[in-house]
Structure formats: structure tokens, C-alpha cells
Amino acid sequence: MTRTTHDLQDQADRAERLARTGMDSLTVERLRAYAEECRRQIAAAERQAQSTA
């Protein structure tokens, strides 16, 4: 896992932890969407790494 991928994983995990703390529903939804976007970027980076290997 590259440093950038590691950072994205960390951000996704943090966003999901924050979403579980009982904030308002809009903030929770935005945090979950951000976590999902981070995970999509990780998957795209992994696919790209596999195709160039």
C-alpha cells in the first residue's frame, strides 16, 4: 500500500468513526460519502498499480 493509499485509508477510517459519534444526520451522511470516495480512490489506485505491474 503506497503512502497516499495509506493516507486515504486512514481518512476513510476516521470519517467512519466520526460518523458513529451521534452527529446530525447531514454531517453523518457527508462523512460516510467522504469515506466511500476515499475507498473508491484506493480501489482505483490498486487497479492502476496492478495493470502497470
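Everything here concerns the structure above.
Summary of the structure given here. (Residues numbered from 1 in each chain as written. Predicted model: local features only at pLDDT ≥ 70, side-chain atom pairs only at ≥ 80, totals over all residues. Heavy atoms only, no water.)

1. Observations concerning the packing of helix H1 (residues 3–19) against helix H2 (residues 25–52)
Where H1 contacts H2, the axes come no closer than 8 Å and their chain directions differ by 160 degrees. The angle between H1 and H2 places the two elements in the roughly antiparallel class. Seen from above, H1 lies across H2 with left-handed handedness. Contact residues: Thr5, Leu8, Gln9, Gln11, Ala12, Asp13, Ala15, Glu16, Leu18 and Ala19 in H1; Val28, Leu31, Arg32, Tyr34, Ala35, Cys38, Arg39, Gln41, Ile42, Ala45 and Glu46 in H2. (Axes fitted to C-alpha atoms, helices over the stretch in contact; angles between N-to-C directions. Helix = DSSP H or I, 4+ residues; strand = E, 2+ residues; numbered from the N terminus. Parallel < 35°, antiparallel > 145°, perpendicular 65-115°, else oblique. Left-handed = near helix turned anticlockwise from the far one by under 90°. Contact = heavy atoms within 4.5 Å.)

2. Some thoughts on the environment of glutamate 37
Of note, glutamate 37 is situated in helix H2. For the pair glutamate 37 and leucine 8, spaced 29 residues apart in the sequence, the C-alpha separation amounts to 9.2 Å. Separated by 3.1 Å, the side chains of glutamate 37 and arginine 40 make a polar contact. (Polar contact = N/O pair within 3.5 Å; in protein donor to acceptor, adjacent residues only side chain to side chain.)

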